[in-house]
Amino acid sequence: MMINLKKIPLAFGNGKVNLDLPEKNLAAIILPSEPESKEDESLILKKALQNPIGSRRLSELVNSGSKIAILVSDVTRPTPSAKILPPLLEELRLGGAKDKNITIVFALGLHRQQTEEECIKLLGDEIFESIRVVQHDKDRCCRHIGETSFGTPVEVFEEVLDADLILSVGTVEFHYYAGYGGGGKSILPGVSSEKAVLSFHSHYSKLFEGEPLSGRADSPARKDIEEAAGTAGLDFILNVVINSRKEIIAAVTGDFVQAHRKGAGYVDAIYKVPVEPADAVIVSCGGFPKDINLYQATKALENAIPAVKTGGSIVLVAECAEGIGNQVYECWNRECRSPDDAIERFKQLFEFGGHKSAIVAKAAKQFKLYIVSKLPEEESRRAFFIPAKSVQEAFETILAENPEAKVHVIPDGGWTLPVRK
């Protein structure tokens, strides 16, 4: 009997892997409602800068003496800063701002320092050579300026606080804890002290057993972020929405709350997809940088959960070229012998990085988790995944257990959020 196969390419790092899936087993390829055509990216950015939300134009907020800090995303984020910064700088210069008074700050949070090559790639040669660039350092020069109502200390990098005008460039996307990326997240955790970031993340332990927070603008973490950003004096944001090809399809500027909510509305309309849960889900993070390490890749795992029945299987397709991506996460994976161990440890003690182990452990108790990656097999098993040499092998293992299994495929799980009908 002839079997009709559907060949589905899935992003893996900077390349692709292929899945041949019998059409009778395919429930759906879950794709966002991306516009078929788009405006020129530079035009999208210019229009946004000319029409800020809840704020005057940036060119009206600066003068020739203004000392300006521009916060930008690091290598773990897909923000196309090299495309965004030229029109932003043009708008600043229109108001009289001088390049010598502008500092670009990489908002690293607790992530590693970047190489010079990575900084140049993110900003472009011309901007890197003409504008002063620094990287946030959580261990030095963070000044205490207050506390949020959640008890999070507001301790921000002095290079940022010493500016007359604080601007932020970022991407609005779903976030497992903060509801969405972008907005004030460039301040907390972006340019905050280690103490502040750990305090901020510690609240997640109280919410761990609750409803998913991804795609919620009323996330408690989002409120904490915005209180900190307000205390720090974040003046203006330029946030973008990008598609699966990493092209800019929308942009918002202005007040860091009002503009961010407008951006979140765009994301919801495009990337929230109603689904009926299937027996299994095969999810790619969408490639680099979403699958740079397992720490980042687990976000796609969480997004995929609403699309699978309890007791079903999830296959995570994530290159993880930089391994686990967090030393504490790696340590928990070595020390926690079972999902129950990780969950109980998390309830007793919050440790940044360990929360990722608990997140995967919680999923492993509900679903059978497979991973296709470059991680060593033992490392995958310690992280509560079943390693597979290929996505095809993982699928065939699922099929061997249930030949009639219906499978959803999510090619861009880092961006797409299935929502149960």
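Located above this text is the structure these notes cover.
The structure reproduced in this document is the subject of the present report.

Quick notes on the rules
Residues numbered from 1 in each chain as written. Predicted model: local features only at pLDDT ≥ 70, side-chain atom pairs only at ≥ 80, totals over all residues. Heavy atoms only, no water. Helix = DSSP H or I, 4+ residues; strand = E, 2+ residues; numbered from the N terminus. Expected span 1.5 Å × (residues − 1). Buried < 20%, exposed > 50% of the residue type's maximum accessible area, 1.4 Å probe, protein only. Arc of directions from axis to C-beta. Axes fitted to C-alpha atoms, helices over the stretch in contact; angles between N-to-C directions. Parallel < 35°, antiparallel > 145°, perpendicular 65-115°, else oblique. Left-handed = near helix turned anticlockwise from the far one by under 90°. Contact = heavy atoms within 4.5 Å. Nonpolar A, V, L, I, M, F, W, Y, C, P; charged D, E, K, R; others polar. Pairing = 2+ DSSP bridges. Phe/Tyr/Trp six-rings, centres within 6.5 Å; stacked < 30°, edge-to-face > 60°. Lys NZ or Arg CZ within 6 Å of the ring centre and 35° of its normal. 1 Å grid on protein atoms, 1.4 Å probe; cavity = no way out; pocket = protein on both sides within 12 Å on 5 of 7 lines; lining within 4 Å. Points joined across faces, edges and corners; volume = space filled by probe spheres on them.

1. Focus on helix α2 (residues 81–94)
Along its 14 residues, α2 runs 20 Å from first to last C-alpha, staying within 8% of the 20 Å computed at 1.5 Å per residue. Along α2, the positions that sit buried rather than exposed are S81, I84, L85, P87, L88, L89, E91 and L92. At the C-terminal side of α2, G96 shows a positive phi close to 100°.

2. Description of helix α9 (residues 258–271)
For α9, spanning 14 residues, the distance from its first C-alpha to its last is 20 Å, which sits close to the expected 20 Å at 1.5 Å a residue. Along α9, the residues that are buried comprise A259, H260, G263, A264, V267, I270 and Y271. All buried residues of α9 project into a common sector of 140° when viewed along the axis, lining one side.

3. What to know about the packing of helix α10 (residues 294–304) against helix α13 (residues 354–366)
Where α10 contacts α13, the axes come no closer than 11 Å and their chain directions differ by 30°. In terms of orientation, α10 lies roughly parallel with respect to α13. Considering the relative orientation of α10 and α13, their crossing is left-handed. The residues of α13 that touch α10, namely those facing Y295, T298, K299, L301 and E302, are H355, K356, I359, V360 and A363. The class makeup of the residues in the contact of α10 with α13 is five nonpolar, two polar and three charged.

4. Focus on the sheet that holds strand β16 (residues 308–317)
Pairing within the open sheet is parallel, and its six strands lie in the order β3-β19-β15-β16-β17-β18. Both outer strands of the open sheet, β3 (26–29) and β18 (386–387), are each paired with one neighbouring strand and no more. Two elements, β16 and strand β17 (residues 368–372), share five bridges in a ladder whose sense is parallel. Considered in β17, the bridge of S313 is made with K368. Along the sheet, α10 makes contact with β15 (278–284), β16, β17 and β19 (407–410), crossing β16 at roughly 145°.

5. Notes on the packing of aromatic side chains
Given two aromatic rings, their pairing is described by the distance between the two centres and the angle made by the two planes. Under the defined criterion, the tally for this structure stands at four aromatic pairs. An angle of 40° between the planes, with centres 5.4 Å apart, marks the rings of Y177 and F200 as tilted. With a gap of 23 residues between them, Y177 in the loop between β10 (174–175) and β11 (179–180) and F200 in helix α6 (residues 194–202) connect regions that are remote in the sequence. Residue Y177 is classed as buried on the basis of its relative accessible area, which comes to 1%. Taking the centre distance of 6.0 Å and the plane angle of 35° together, the rings of Y271 and W415 count as tilted. Separated by 144 residues along the polypeptide, Y271 in helix α9 and W415 in the loop between β19 and β20 (417–420) bring together distant segments of the chain. Among the residues examined, Y271 registers a relative accessible area of 1% and is labelled buried. Each member of the aromatic cluster is reached from another via a ring pair, and the members are Y176, Y177 and F200. Of note, K356 hangs over the ring of Y295, and the distance from its end group to the ring centre comes to 4.7 Å.

6. Overview of empty space enclosed by the protein
Counted by the stated rule, this structure contains one cavity of 30 Å³ or more. Lining the largest cavity are 36 residues, with R77, H111, H175, K185 and P189 sitting closest to its centre. Looking at the lining of the largest cavity, the elements with two or more residues in it are β9 (165–171), β10, α6 and α10. A per-class count over the lining of the largest cavity returns 11 nonpolar, 19 polar and six charged.

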